[in-house]
Amino acid sequence: MAKKQVFGEDAKSLKGSHKRMAKVIISTKNERGKFSYKETMVEADSVSDFIQKNKP
């Protein structure tokens, strides 16, 4: 069953309230010498800060 479509000012206010998200994948080398990957969802505005904090 389809969702009801919202038009007008209500639709604009709903779109503005959503946060833009980005998937960030960080790789690390484990004890065995292989790479492991960690995926996280971060707000699009704070991607560079997240990467700087999680650099090895």
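This text follows the structure it describes.
Residues numbered from 1 in each chain as written. Predicted model: local features only at pLDDT ≥ 70, side-chain atom pairs only at ≥ 80, totals over all residues. Heavy atoms only, no water.

Peer 1: In this structure, what is going on with the pattern of salt bridges? I would like to understand it.
Peer 2: Opposite charge on two side chains permits them to pair, given that their charged atoms come into close proximity. Per the stated rule, a full pass over the model turns up two salt bridges. Residue E43 pairs with K19 through a salt bridge whose shortest N-O separation is 3.6 Å. In this pair, E43 sits in strand 2 (residues 35-43) while K19 sits in the loop between helix 1 (9-17) and strand 1 (21-29), placing the two residues 24 residues apart along the sequence. Classification of E43 by relative accessible area gives partly exposed; the value is 35%. Classification of K19 by relative accessible area gives exposed; the value is 60%. Among the ionic pairs, E39 bridges to K23, the shortest N-O distance being 3.7 Å. (Salt bridge = Lys/Arg side-chain N within 4 Å of Asp/Glu carboxyl O. Helix = DSSP H or I, 4+ residues; strand = E, 2+ residues; numbered from the N terminus. Buried < 20%, exposed > 50% of the residue type's maximum accessible area, 1.4 Å probe, protein only.)

Peer 1: Is there a simple way to explain a nonpolar patch on the surface in this structure?
Peer 2: Together, I25, F35 and Y37 line one region of the surface with nonpolar side chains, adding up to about 380 Å² of accessible area. Structurally, I25 can be placed in strand 1. (Patch = residues over 30% accessible without salt bridge, like charges linked within 9 Å, V, L, I, M, F, W, Y side chains within 5 Å. Areas by Shrake-Rupley, 256 points an atom, 1.4 Å probe, with all protein chains shown as cover.)

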